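Structural features, examined
Listed here are the chains, written in short residue letters.
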Number of protein chains: 2
Amino acid sequence: MTLRADSARVRAQMLAAARERVRAGDLDLPMNAIAKDAGVGVGTAYRHFASRQALLEALAAQSLGALVTDAEAAAADPEPATGFATLLRDALRLLRDDPTLALVLASAQPACLDATTDLHARLGAAVTTVLARARAEGVIRPDVDADDVRRLICGVQHAVDAGTDAGAADRYLDILLAGLRAAR
Amino acid sequence: MTLRADSARVRAQMLAAARERVRAGDLDLPMNAIAKDAGVGVGTAYRHFASRQALLEALAAQSLGALVTDAEAAAADPEPATGFATLLRDALRLLRDDPTLALVLASAQPACLDATTDLHARLGAAVTTVLARARAEGVIRPDVDADDVRRLICGVQHAVDAGTDAGAADRYLDILLAGLRAAR
DNA sequence: ACCTGAACACCGTTCAAGT
DNA sequence: ACCTGAACACCGTTCAAGT
């Protein structure tokens, strides 16, 4: 039992140390340095997180979970068009608040944690529902699926990140919404 | 004089070795490995390219130059709306053909080569002209400047890269054009 | 003058040795 | 069982030593 508690503590310390670096604007996440920050040996760090990518996914899991929740709420919105717009707005806000989410969500590679795969699947299902409802009302172009939405919102985040303009996020989101609304 | 010729040969060999790695899908560009590929010592490699970033910018210079040429042609297009659409289409094509261009164009950091800074400046001027003419005809939203266009097209490239769908590029470009056309 | 490659500081990851 | 940290293979960059 103490082992279990210890293990959980190490995991929490690793995540806290990593998040502290992310908060400081450093997305490198070097395992050696984070292990030292957390006060554990490198080997222990690797027993908890099989790779740098696994640590990254664990960091992003909370934001990704929040996005899933938002998407499922959007899928239940009485007004399909509102649900769709809210989904994109929430996604961009979460992406901007947590830079690790952008790395995990934009990745074309398969996830290395099962939890990430599961969250991705739930997200895809919810977004598909949001799109189906919006499409049924004719408020979005028909040639866009859930994966397109994932890629496009990550693209908007990338564009926002490529500069320092404070108002860019709202403007780019507006451009994307207008582009998706437009008739084919 | 032979020194000059030698120097040019080393530079060309470095660029060829680097481009070969890029062609093979590897964007890491490790100086040590590329120096070895090119048959020169690491020190010599660094005498020609002050840093990895300098090598990257040198690689991207050709594509960036082509983009400038395209943008200047677009600025002279008799039909402003056509010039604008052509510019975005050409930019995305160049970004997709040369992955190093995306890295250099999307960077929020200042360039490390003067040549890159110059090309960026010429690009900005040409795109500003394209936008001014399109705006005067009322065919694009007025709250978008040349830097927004740079960031947005890099965002589209990022979205295209985040998946494997063959038709994504054309679709995403169409979405961006529709979004920019839409009235405010 | 220009080149070379050993060297330094780093980083991801592994594993023999300890408790 | 679990932990540690030395060790390996790497990479960016520098610089003393050669030509």
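The paragraphs below set out a description of the structure included in this document. Within each chain, residue numbers correspond to sequence positions counted from 1 in written order. Lettering for chains starts from A, numbering for ligands starts from 1, and both go in the order in which the items are written. Per-residue local features of the predicted model are confined to residues with pLDDT of at least 70, and side-chain atom pairs are confined, for both listing and counting, to 80 or more; whole-chain, interface and lining totals are unaffected and use all residues. Hydrogens are left out, water is left out, and the side-chain values use all remaining heavy atoms of the structure.

1. Things to note about helix H9 (residues 168-181) of chain A
Here H9(A) spans 20 Å end to end across 14 residues, near enough to the 20 Å set by a 1.5 Å rise per residue. Buried residues dominate H9(A), accounting for 11 of its 14 residues. Summary of the burial criterion: residues with accessible area below 20% of their type's maximum are buried, those above 50% are exposed, and those between are partly exposed, where the area comes from a 1.4 Å probe applied to protein chains only. Starting at the N terminus, helices and strands are each numbered in turn, a helix being any DSSP run of H or I of at least four residues and a strand any DSSP run of E of at least two. By the burial criterion, the buried members of H9(A) are A:Ala168, A:Ala169, A:Arg171, A:Tyr172, A:Leu173, A:Ile175, A:Leu176, A:Leu177, A:Ala178, A:Gly179 and A:Leu180. Lining the buried residues of H9(A) we find helix H5 (80-97) and helix H8 (146-161) of chain A together with helix H8 (146-161) and helix H9 (168-181) of chain B. Expected helix span is given by 1.5 Å per residue-to-residue step, counting one fewer step than there are residues. In what follows, a contact means two residues having at least one pair of non-hydrogen atoms within 4.5 Å.

2. Here we look at the packing of H9(A) against H9(B)
Convention adopted: a line fitted to C-alpha atoms gives each axis, helices being fitted over their contacting stretch, and angles between N-to-C directions are expressed from 0 to 180 degrees. One way to put it is that H9(A) packs onto H9(B) with a least axis distance of 7 Å and a crossing angle of 110 degrees. In this view, H9(A) runs roughly perpendicular relative to H9(B), as classed from their interaxial angle. Residues A:Ile175, A:Leu176, A:Ala178, A:Gly179 and A:Leu180 of H9(A) touch H9(B), and the partners they reach there are B:Ile175, B:Leu176, B:Ala178, B:Gly179 and B:Leu180. Class assignment for the residues of the contact of H9(A) with H9(B) results in eight nonpolar, two polar and no charged. Roughly parallel refers to an angle under 35 degrees, roughly antiparallel to one over 145, roughly perpendicular to one between 65 and 115, and oblique to any angle outside these ranges. Here the term charged refers only to Asp, Glu, Lys and Arg, the term nonpolar to Ala, Val, Leu, Ile, Met, Phe, Trp, Tyr, Cys and Pro, and the term polar to all other amino acids, Gly among them.

3. So, the relation of the copies chain A and chain B
Overlaid copies result from least-squares superposition on C-alpha atoms, with residues included only where pLDDT is at least 70 in both. Here chain A sits on chain B after a turn of 180 degrees about the axis and a move of 0.0 Å along it, with an RMSD of 0.0 Å. Those values place the two copies in the arrangement expected of a two-fold rotation axis. Comparing interface residues between copies, 100% of those in chain A also lie at the interface in chain B; the contact surface is shared.

4. Remarks on the protein's contact with DNA strand D
Every one of the 15 residues lining DNA strand D counts as a neighbour, but A:Thr44, A:Arg47, B:Met31, B:Tyr46 and B:Arg52 are closest to it. Here a residue is near a molecule or strand as soon as one of its heavy atoms is found within 4 Å of it. Across the atoms of DNA strand D situated within 4 Å of the protein, the share located in sugar and phosphate is 65%. Each polar contact in these results corresponds to two N or O atoms within 3.5 Å; when the atoms are within protein, one needs to be able to donate a hydrogen and the other to accept it, and residues that are neighboring in sequence are counted only if both atoms are side-chain atoms. The side chain of A:Arg47 places a nitrogen or oxygen atom 2.8 Å from a phosphate oxygen of DNA strand D. Among the elements that line the surface near DNA strand D, the one with the most residues is helix H3 (residues 42-48) of chain A, at four residues.

5. Some details on empty space enclosed by the protein
Only protein atoms enter the 1 Å grid, on which a cavity is a set of points fitting a 1.4 Å probe that cannot get out and a pocket is an open set with protein on both sides within 12 Å along at least 5 of 7 lines, lining residues being those with an atom within 4 Å of a point. Grid points are joined across faces, edges and corners, and a volume is the space filled by probe spheres set on the points. Throughout the structure, instances matching the rule amount to three cavities of 30 Å³ or more. The computed volume of the largest cavity comes to approximately 140 Å³. Lining the largest cavity are 14 residues, and of these A:Val156, A:Leu176, B:Leu152, B:Val156 and B:Leu176 sit closest to its centre. Elements represented by at least two residues in the lining of the largest cavity include exactly H8 and H9 of chain A together with H8 and H9 of chain B.

6. Points about the interface of chain A and chain B
In this assembly, 29 residues from chain A lie in contact with 29 residues from chain B. Buried area between chain A and chain B, summed over both chains or domains, comes out near 2,300 Å², and the portion from carbon and sulfur atoms is 57%. Throughout this description, the term salt bridge denotes a Lys or Arg side-chain nitrogen within 4 Å of a carboxyl oxygen of Asp or Glu. The tally of links from chain A across to chain B stands at four salt bridges. Between B:Asp174 and A:Arg141 there is a salt bridge, and its shortest N-O distance comes to 3.1 Å. Our enumeration of links across chain A and chain B arrives at 16 residue pairs in polar contact (both at pLDDT 80 or more). Taken together, the elements giving at least two residues each to the side of chain A that touches chain B come down to H8 and H9 of chain A. Looking at the side of chain A that touches chain B element by element, the count peaks at 10 residues for H8(A). Counted by class, the side of chain A that touches chain B contains 15 nonpolar, five polar and nine charged residues. The buried area of a pairing is the accessible area, by a 1.4 Å probe, that goes missing from both parts when the two are put together, added over both.

7. Structural notes on the nonpolar core
Put simply, a nonpolar core is a bunch of buried Ala, Val, Leu, Ile, Met, Phe, Trp, Tyr and Cys residues held in one set by side-chain atoms that sit within 4.5 Å of each other. Among the nonpolar cores identified, the biggest contains 86 residues, and A:Phe84, A:Leu88, B:Phe84 and B:Leu88 are the most heavily contacted of them. Aside from chain neighbours lying at most four places away, what touches A:Leu88 is A:Val149, A:Ile153, A:Leu173, A:Leu176, A:Leu177 and A:Leu180.

8. Quick look at the side chain of B:Asp148
Looking at the element boundaries, B:Asp148 is found in helix H8. By relative accessible area, B:Asp148 is classed as buried at 3%. Excluding its chain neighbours within four sequence positions, the residues that come into contact with B:Asp148 are A:Arg171, A:Tyr172 and B:Asp143.

9. Digging into the protein's contact with DNA strand C
Around DNA strand C sit 15 residues, and of these A:Met31, A:Tyr46, A:Arg52, B:Thr44 and B:Arg47 come closest. Near the protein, within 4 Å, the atoms of DNA strand C are sugar or phosphate in 62% of cases. In the model, a phosphate oxygen of DNA strand C is placed 2.8 Å from a nitrogen or oxygen of the A:Met31 main chain. In this structure, A:Arg52 approaches DNA strand C through a main-chain N or O atom, which is 3.1 Å from a phosphate oxygen. Elements with a contribution of two residues or more to the surface near DNA strand C: helix H2 (31-38) and H3 of chain A together with helix H3 (42-48) of chain B. It is H3(B) that provides the largest number of residues to the surface near DNA strand C, a total of four residues. Considered class by class, the residues forming the surface near DNA strand C number seven nonpolar, six polar and two charged.

10. Thoughts on the layout of surface pockets
Empty space among the atoms becomes visible once a probe the size of a water molecule is rolled across them. For the largest pocket, the calculated volume is near 1,600 Å³. Forming the walls of the largest pocket are 38 residues, and the residues nearest its centre are A:Leu103, A:His158, B:Leu103, B:Ala106 and B:His158. Mapped by element, the contributors of at least two residues to the lining of the largest pocket are helix H4 (52-75), H5, helix H6 (99-106) and H8 of chain A together with helix H4 (52-75), helix H6 (99-106) and H8 of chain B. The calculated volume of the second largest pocket comes to roughly 330 Å³. B:Leu105, B:His120, B:Leu123, B:Asp147 and B:Arg150 are, among the 19 residues lining the second largest pocket, the residues nearest its centre. Of all the secondary structure elements, the ones that give two or more residues to the lining of the second largest pocket are helix H5 (80-97), helix H7 (114-136) and H8 of chain B. The residue inventory of the lining of the second largest pocket, partitioned by class, reads 12 nonpolar, five polar and two charged.

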